[in-house]
Every structure is written in structure tokens, then in C-alpha cells.
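Commentary on secondary and tertiary structure
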Amino acid sequence: MKASQKESEMVGWDQMRSLSGTPIPAPVAQARTLPKLMVWLIIFVSVTYVVYTLKLVSTSRACDDDLLITPPLMTVLSSQANVTMGASTAEGIPNRTATTVALRREIPEAQKRTELRHIVFGIAASAKLWDQRKNYIKLWWKPEEMRGIVWLDNPVKTRRDDGLPPVRISGDTSRFSYTNKQGHRSAIRISRIVSETFRLRMKGVRWFVMGDDDTVFVTANLVRLLAKYDHNQYYYIGSLSESHLQNIYFSYSMAYGGGGFAISYPLARALERMQDRCIQRYPGLYGSDDRMQACMAELGVPLTKELGFHQYDVYGNLFGLLAAHPVTPLVSLHHLDVVEPIFPDTTRVGALKQLMVPMELDSAGLMQQSICYDKAKGWTISVSWGFAVQIFRGIFSPREIEMPSRTFLNWYRKADYTAYAFNTRPVSRNPCQKPFVFYLSKARFDSPMKNQTVSEYARHRVPHPLCKWKMANPADIDRVEVFKKPDPHLWQRSPRRNCCRIILDSKKRSAKYMAIDVGVCREGEFSEI
């Protein structure tokens, strides 16, 4: 009783002291424990913050890496993820991680680079010439990889396994007026091919490409060219005629359909909506190309010029044009029934088949010119890769050699150098400066370790006039071998001619043999006279 009474008195006394403001000292153990708890709490919070921050940073980097991963690697990773997912599902365990990886690395279709499957061809043809000209289409058409329609005026006999595009008959154009006395009203039918192809409503189309039945496309280069442009915008892409007079009579703002032209999907949609009304306003125009350009002018869309589309409004031998091809990818060849075969001693179709060999090896480098010099012998050498090599006596400047020599006549069959829409040079009259020409005879891909092509060029044996210059004679050379690494990304860089170098290999050195290396110019390298 006394003890409890004393304790209650002490509690009352302590409360009174507390109220009076005098602190009551805590036990020693409790005073030491509180600071420790505070320190541990601060450490725990700090560690948690650091761990969470590191996890957040690593996750962000992983997402960035997914965006930077290249399309081929994405495909591989997606395939591996799908395989893993399939195996796990077979075991009854769903693999969500694999599914997530596959979905994370898939690029939206609209953001993928333009490919061949995004292009639809509209080919203008006539039943009268079909049996002859369908052989040109067979050279470049790949039924399993390409989409397109051949538009004819009348039915023709076809087979499913003939390696050609599907054939359709163009719509009736009798309601349209045509008053040009020099032309043919089939121009109205041909001018509507893009619109009629659009109305088929094919899926996944970005570009409509127009061509004739005697047009040969280098489709890999066509894809490279169109991939530079935004297919969601209005684009009308093509090139002019080689004839200055043709361009004056028609337009310098017009794409020539024989050489081919490309129209982006949105522009084709706009064209389809207004073209029939547009055509009615121009009954006096001559052809299909100028009708198309008239409608483009109404839509306010100018021609985007790409020199790789070749109309070839010329007669004779294309050698001068092909041996000095501009620094741009070769996209098309036209009027192949009009000019001579591009290789001698063969048919037109046979010559083009020969060209397909280097085209498959390195389409980006096809016909690309390079210029170099054998200064010890005083020779100028021009290589048109995949086509021909020329050796000239004497030293010619690159400025001269890059101009086409006039081995052809203009569209009006006149030897008039002012009739062309580009610079040309005359065929030399000096007997010593006539070039020695070596045409492609064969080409192959060397071993994968070397990653290079080997093309061989044989001398075209034609009589040469007597030359009295006292210097090495190119007639001693029988064949030229050119080594070149394929360069599929050539046209993703700024335009520049490749460089060539004479190879002095003692093992292969022969008076009748020349070896040349062609490739991207090295640092400080150029065609120095």
C-alpha cells in the first residue's frame, strides 16, 4: 500500500514537473536507439532510390536499343522469339517474354523502307505488237515478286505460265474527243492507265510506275530511286527526251512515258478523281504523255527529273550514250526496237539477256563510268561497268570522256549536234584517236571471301585505220578484266563517279591482257591527267 502510494505520488510529481517545463531525462538505452533508427531509415530510403533509378535508366536504354536495331536483325530476333514461343506453347507453358520481344521489334508497315512489293506497274501495249514486244517484258518481270497489269486495246492469247503480268483490256474511250490530225486516239486510252490501275484498289501500294511494252526496267535501281522520296506526298517523277526538238514541241516539264515515270499513291488518287474531266479539256494534244502532264499542271505538281529514266528518242547505235552514262542509277531503257542491239553480233533480246548478267551481280553499278590513265603508255581508259571498256591513244580529260560520243542520230534522223538536250562530242576523225572497244563477254561473282565481281571484256575486232604515232598500240590487248566490289549503297551517298586503277600484277602480266580495279575513290584520289 505504501509502495503503491509512493509510486502514485512520484507520477504526480513528474507530471507536475513536466507541466512546469523542466525536462525529464530518458533512460540511457532509449536515447541511444533513436539516432540509430533514423540513420538506418535514411540509408534504406537512399538505397531504394538508387536501385529504382538504375532500373529505370536500364529499361530506357533497352527501349532505345530496340529502336536503333536494324530491320534484318529485327526479323531474326522476331523469328527466334516466335520459335521460342511456339516451343513453349507446345509444352503447355505460354512464353509471354518471347511474344513481347517479337512485338517490340516489329516496325510499322508505313515506316518501312520502300520495296518492290510497294510498286505497281502499268504497262501500255497493243495487241498488234504483243507477240514481238512481250519478250522485252519477260526479261525484267518477276511474277512472284512484282505486281502490275498490261493494258491492251484488244484481247490476245496468254498462258498462266508465260512469265508475264496479268493482261486487261482498257476501258472504252469513245466518249472523249480527239482532234489531233497527226496522232492517234489510242493516246487517250494510254493516258488513263494509271487511273485504271488505281481503280483496282490493290493493297499496300506506294507508287504507280508507267511504262511501254518495249521498256526494260532495272527494278532494283527503280526501288533505290523511289526510296529517296516520301510516298505520302505528291510526286511525279520521270525524265525528258534526248531530243531537244521533242522537248520543245511537247514540253520540258513532261515525263516521257516510254522511258517510264512514277506517280505516288496520293497523287494517283487525286489524278483518278479528275482525269476524265481533265482529258476532255485537251482534245488537241498529240499523245498520252502530254495529256498526263496537262493534268499534272492542273493539279499543280511539277516534274521531278531523274536522269536514269531513258526515253532514247534516237536512231542508230546507243554506244555513245551507254558508255558515258550520267552519274545516276540506270532505271530504264526504251525504243529498243528502233536502235541497234546494244551488244554486237546478237539480237536485240539476246543483247539485253547478256546485260542481265552484270545487272544481277551489281545493279547499282551497272553502266557507271570510271576514267583512269595508263601514263606509261599514254592511254586514256574509260570503263562503263557491265557494258564496255574503251582504250584511247593519248590523254583525254575527264571533261571530254564523260560526254557521250555521237554514235547515234537524233529523232529526226539528222546529224545535228544542236538537236540534243545535253552535251555531246563528235566521233574523232583522227585515225589514231579512234577508241579500241572491249565489250562484256562474261561476268561472275568471285569467292565470298573476296566479295568482288570479275567481269571480262573482249576486244571488238573491227578494222582500225593506220596510225603513225610512235606509241604503244591498244590493238595488242585482247581482253580486259575488271575487278569490282558490289556497292548496293552507292546511291545513298552523294553522287560521284567511281575511280579505276590499272593493276600491275606480275603473275598475270601479259602483253595481251589488262586488269583494272574499279571502286569508290580513296582519300585524295581522282582522275588526274
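In case you missed it, the structure is sitting above this.
Numbering of residues starts from 1 in every chain and runs along the sequence as written. The predicted nature of this model means local features are confined to residues of pLDDT at least 70 and side-chain atom pairs, given and counted, to a pLDDT of 80 or more, with totals for whole chains, interfaces and linings taken over all residues. Values reported for side chains reflect all heavy atoms of the structure, with hydrogen atoms and water molecules removed beforehand.

A few words on the sheet that holds strand 2 (residues 147-152). Taken together, the seven strands give an open sheet; going across it, the order is 3-2-1-4-7-6-8, and neighbouring strands pair in mixed fashion. Single-partner strands in this sheet number two, and they are strand 3 (167-169) and strand 8 (304-305). In this scheme, strands are said to pair when DSSP sees at least two bridges between them. Labels follow the DSSP assignment, with helices taken as runs of H or I lasting at least four residues and strands as runs of E lasting at least two, numbered in each case from the N terminus. Both strand 6 (residues 236-238) and strand 7 (residues 261-264) contribute to a ladder of two bridges, which runs antiparallel. Opposite Tyr236, over in strand 7, you have Ile263 as the bridge partner. Helix 8 (residues 219-226) contacts strand 1 (119-124), strand 4 (207-212), strand 6 and strand 7 of the sheet and is inclined by roughly 120 degrees relative to strand 1. The criterion used for residue contact is that any of the two residues' heavy atoms lie within 4.5 Å. Axis angles are defined between N-to-C directions and span 0 to 180 degrees, where every axis is a line fitted to C-alpha atoms and, for a helix, only to the segment in contact.

Summary of the burial criterion: residues with accessible area below 20% of their type's maximum are buried, those above 50% are exposed, and those between are partly exposed, where the area comes from a 1.4 Å probe applied to protein chains only. Taken across its eight residues, helix 8 has six buried, putting it largely inside the fold. Thr219, Asn221, Leu222, Val223, Leu225 and Leu226 are the residues of helix 8 that are buried. Buried residues along helix 8 sit against strand 1, helix 5 (130-140), strand 4, strand 5 (216-217), strand 6 and strand 7.

It is worth spelling out the side chain of Ser191 at this point. With respect to the element layout, Ser191 can be found in helix 6 (residues 186-191). For Ser191, a relative accessible area of 2% gives the class buried. Those residues in contact with Ser191, other than ones at most four positions away along the chain, are Gln275, Ile279, Ser288, Arg291 and Met292.

The set of buried Ala, Val, Leu, Ile, Met, Phe, Trp, Tyr and Cys residues whose side-chain atoms join them within 4.5 Å is what this entry labels a nonpolar core. In this structure, Phe121 and Phe387 are the most contacted members of the largest nonpolar core, which totals 74 residues. Ranked by residue count, the leading element in this core is strand 15 (residues 436-445), at six residues. Discounting chain neighbours no more than four positions away, the residues touching Phe121 are Trp140, Trp141, Met146, Arg147, Gly148, Ile149, Val209, Phe217, Thr219 and Leu222. Core analysis: the next-biggest nonpolar cluster, separate from the first, contains 28 residues, Phe208, Leu240, Met274 and Cys278 among them.

On to the environment of Arg273. Mapped onto the fold, Arg273 is located in helix 10 (residues 265-280). Arg273 sits in the exposed class, given a relative accessible area of 59%. Each C-alpha atom of the pair Arg273 and Ser195 lies 8.4 Å from the other, and the pair is 78 residues apart in sequence.

In terms of strand pairing, strand 13 (residues 388-393) meets strand 15 through four bridges, oriented antiparallel. Along strand 15, the bridge assignment pairs Gln390 with Val437. Examined bridge by bridge, strand 15 and strand 16 (residues 453-459) share seven bridges and lie antiparallel to one another. Bridging from a neighbouring strand, Phe438 pairs with Arg459 of strand 16.

When two helices pack together, their arrangement is given by the angle between the helix axes and by the axis-to-axis distance. Closest axis-to-axis distance for the helix 5/helix 13 (residues 348-361) pair is 10 Å, and the angle between their directions is 5 degrees. Classified by the interaxial angle, the pair formed by helix 5 and helix 13 is roughly parallel. For the pair formed by helix 5 and helix 13, the contact residues are Asn135, Tyr136 and Leu139 on the first element and Arg348, Val349, Leu352, Lys353 and Met356 on the second. In this scheme, roughly parallel covers angles under 35 degrees and roughly antiparallel covers those over 145, while 65 to 115 is roughly perpendicular and the rest are oblique.

Whenever strands of a sheet pair, they do so through backbone hydrogen bonds, lying parallel or antiparallel. On the basis of which strands lie adjacent, the open sheet formed by eight strands has the order 11-12-13-15-16-17-19-18 and mixed pairing. Where the open sheet ends on each side, the last strands, each with one partner, are strand 11 (369-374) and strand 18 (499-503). Adjacent strand axes in the sheet meet at a mean angle of 25 degrees, parallel and antiparallel pairs treated alike. Sheet strands in contact with helix 13 are strand 15 and strand 16, and its direction is about 55 degrees off that of strand 15.

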